[in-house]
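# An overview of the molecular structure
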Amino acid sequence: MGFDIDKIRADFPILLRQVHNKPLIYFDNAATSQKPKAVIDALVHYYTHLNANIHRGVHALSQEATDAYEQARDGVKTFFNAQFREEIIFTAGTTHSINIVAHGFRSLLNPGDEIIVGQAEHHSNIVPWQMACDLTGAVLKVLPIDDNGQLQLDALQSLLGPKTQLVVVNHVSNALGTINPIEKIIEMAHQAGAKVLIDGAQASSHIQVDVSALNVDFYTTSAHKMCGPTGVGMLYGKKELLELLPPYQGGGEMIKEVYFQGTTYAGLPHKFEAGTPNIAGGIGFGAAIEYLNEIGLDEIAAYEHDLLLYATEELKQVQGLRIYGDVPLKTAVISFNIEGLHPYDVGTLLDQMGIAVRTGQHCAQPVMDFYGIPGTVRASFAFYNTKDEIDTLVKGVKRAVNMLL
């Protein structure tokens, strides 16, 4: 396909709309990405031509819907280079995926066992582990970040011990955009005998992820961060570990036989996919992956990095502006504040100019507490954004400074 920014932008119908009588400039991609027409068409096609439940019917619609859904699973498997297709569990998203693993570990943890969680985690990768520890008597330990928002590997070495059962960190910080050295973290954890879960929600559309090469135990992501639909995501787990964990939910599809005297469970992946799934969402997830593959993740990463460098340089010219997590190794996210201004006020003024950014704690309150701030303004870029849009953002930030200070 090649990287043609004009053609790519034409693939996203929402980019044509206006907000407050201004052309939409969408810089909230870390919250959710926009959807190309190919994904929208896939959803419409399912409901128009295939709408039926899957895995359970002998009629044509059911079989065609099942084929489309399972082809999407194969696409996800290939994209992340899992060894077996049954290692790909379709979920409602990253939060759901993490909760499946955290729930499963409740049956494996003993009092005094330890779980290490990164300080810069999204709340979805903190709270489930707190709940697991509360129920089992396990201990939650925190892997700290430094002033640049980077995890301190020296501290990890001292935290790891014979009681460490699991290390859970994000691949990329949603609040700062910093890319964590997960290869080294996985290696260190495995040497200590611990398993590793990586929250990949912020990485999957920016970094080529090879779960086999990483040798990671669990990896999670959400389709809506990858130009796919909301309400669907992926849990990757090594086959032997997924077989070890108990089911998260009981119901249809996840069973083999049901008697009032007892029930036996279905094999992977169905063991963790109770009930009627988000069929259209799964098919849309597959369409999103096909779309990203057509462009090429390497091309996407290079283009977004160029946007990041340009925006960083331009925003640093604004007097009193501080960027948090200003490090070389990061995705296209700039989290900033302006001295004397509340991030909410800046975000509100930018919205009036048609510029969508995120303000607040970004579901990462410990990060904000670390810096002693109420939140940040977060501008997160995607491969359909442009330098012209960044110029408008910079003008908008300067206008906010002039109006509010």
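Up top is the structure.
Residues numbered from 1 in each chain as written. Predicted model: local features only at pLDDT ≥ 70, side-chain atom pairs only at ≥ 80, totals over all residues. Heavy atoms only, no water.

We now examine the sheet that holds strand β13 (residues 321-324). Strand order in the open sheet formed by four strands is β13-β14-β17-β16, with antiparallel pairing between adjacent strands. Whereas interior strands pair on both sides, the edge strands pair on one side only; in this sheet they are β13 and β16 (358-360). Sheet twist, expressed as the mean angle between neighbouring strand axes with direction ignored, is 30 degrees. Across four bridges, the pairing between β13 and strand β14 (residues 333-338) is antiparallel. Bridge pairing in β14 places Arg322 opposite Asn337. Packed on one face of the sheet, helix α11 (residues 297-315) meets β13 and β14 and runs near 10 degrees to β14. (Pairing = 2+ DSSP bridges. Helix = DSSP H or I, 4+ residues; strand = E, 2+ residues; numbered from the N terminus. Axes fitted to C-alpha atoms, helices over the stretch in contact; angles between N-to-C directions. Contact = heavy atoms within 4.5 Å.)

With that settled, the discussion passes to the packing of α11 against helix α14 (residues 387-404). Contact geometry of α11 with α14 gives a least axis separation of 10 Å together with a crossing angle of 25 degrees. Accordingly, the angle class assigned to the pair α11 and α14 is roughly parallel. In this structure, α11 meets α14 at a crossing whose hand is right-handed. Listed contacts from α14 to Asp306, Leu307, Tyr310, Ala311, Glu314 and Leu315 of α11 are Lys387, Ile390, Asp391, Val394 and Val397. Of the residues in the contact of α11 with α14, the class split is seven nonpolar, no polar and four charged. (Parallel < 35°, antiparallel > 145°, perpendicular 65-115°, else oblique. Left-handed = near helix turned anticlockwise from the far one by under 90°. Nonpolar A, V, L, I, M, F, W, Y, C, P; charged D, E, K, R; others polar.)

Take Gly275: it is sitting in the loop between β12 (262-265) and α10 (279-295). A residue is classified by how much of its surface remains accessible, and Gly275, at 22% relative accessible area, is partly exposed. In this structure the C-alpha to C-alpha distance between Gly275 and Gln317, which are 42 residues apart in sequence, comes to 53 Å. Once residues within four sequence positions are removed from consideration, Gly275 is found in contact with Arg56, Gly252 and Glu253. (Buried < 20%, exposed > 50% of the residue type's maximum accessible area, 1.4 Å probe, protein only.)

Another point: the pattern of salt bridges. Applying the stated rule across the entire model yields 14 salt bridges. Between Asp28 and Arg358 there is a salt bridge whose closest N-O contact spans 3.0 Å. Placement of Asp28 in the loop between β3 (25-26) and α2 (37-50) and of Arg358 in strand β16 is noted, with a sequence separation of 330 residues between them. For Arg358, a relative accessible area of 34% gives the class partly exposed. Taking the shortest distance from any N to any O, the salt bridge between Lys141 and Glu114 comes out at 3.4 Å. Placement of Lys141 in strand β6 (residues 139-143) and of Glu114 in strand β5 (residues 114-118) is noted, with a sequence separation of 27 residues between them. Exposure remark for Glu114: the relative accessible area of 12% places this residue in the buried category. (Salt bridge = Lys/Arg side-chain N within 4 Å of Asp/Glu carboxyl O.)

Read across the open sheet, the seven strands follow the order β4-β10-β9-β8-β7-β5-β6; overall the sheet is mixed. One side of each edge strand has no neighbouring strand; the edge strands of this open sheet are β4 (88-91) and β6. The sheet shows a mean angle of 20 degrees between the axes of neighbouring strands, direction not considered. Two elements, strand β8 (residues 195-199) and strand β9 (residues 218-222), share three bridges in a ladder whose sense is parallel.

Every buried residue of helix α12 (residues 343-352) is listed here: Pro343, Val346, Gly347, Leu349 and Leu350. Around the axis of α12, the buried residues are gathered within 165 degrees of arc, so they sit on the same side. At its buried positions, α12 is contacted by β14, β15 (355-356), β16, β17 (376-380) and α14. Immediately downstream of α12, the backbone of Gly354 shows phi near 85 degrees, a positive value. (Arc of directions from axis to C-beta.)

Another point: helix α7 (residues 182-191). Count 3.6 residues to each turn of an α-helix, and residues three or four apart come out pointing the same way. Within α7, the full set of buried residues consists of Ile182, Ile185, Ile186, Met188 and Ala189. Buried residues along α7 cover an arc of 165 degrees about the axis, so they all sit on one side. Structural note: α7 exposes Glu183 and Gln191 on the side pointing more than 90 degrees away from its buried face. Backbone geometry just downstream of α7 places Gly193 in the positive-phi region, at approximately 85 degrees.

Among the nonpolar cores identified, the biggest contains 105 residues, and Tyr219, Phe381 and Phe383 are the most heavily contacted of them. Per element, the largest residue contribution to this core is eight residues, and it comes from α10. Here Tyr219 is in contact with Phe80, His171, Ile198, Gly200, Ala203, Ser204, Val209, Val211, Met234, Leu235 and Tyr236, once residues within four sequence places are set aside. Counting 24 residues, the second-largest nonpolar core is a separate cluster that includes Val101, Leu109, Cys133 and Leu242. (Core = buried A, V, L, I, M, F, W, Y, C linked by side-chain atoms within 4.5 Å.)

Bringing the pairing of β12 into the picture now. When strand β11 (residues 255-259) meets β12, the two strands line up antiparallel, connected through four bridges. Across the sheet, the residue bridging to Ile255 is Tyr265, located in β12. Hairpin geometry of β11 and β12 is characterised by an intervening segment of two residues between the two adjacent antiparallel strands.

It is worth spelling out the environment of Glu314 at this point. For Glu314, the position within the fold is in helix α11. According to the relative accessible area criterion, Glu314 is partly exposed, its value standing at 26%.

This part is about the packing of α2 against helix α3 (residues 60-80). Two elements in contact, α2 and α3, have axes whose closest approach is 10 Å; the angle formed by their N-to-C orientations is 160 degrees. As judged from the angle between their axes, α2 and α3 are roughly antiparallel. The hand of the α2/α3 crossing is right-handed. Counting all contacts with α2, which are made through Tyr46, His49 and Leu50, the residues of α3 involved are Leu61, Glu64, Ala65 and Ala68. Partitioned by chemical class, the residues of the contact of α2 with α3 number five nonpolar, one polar and one charged.

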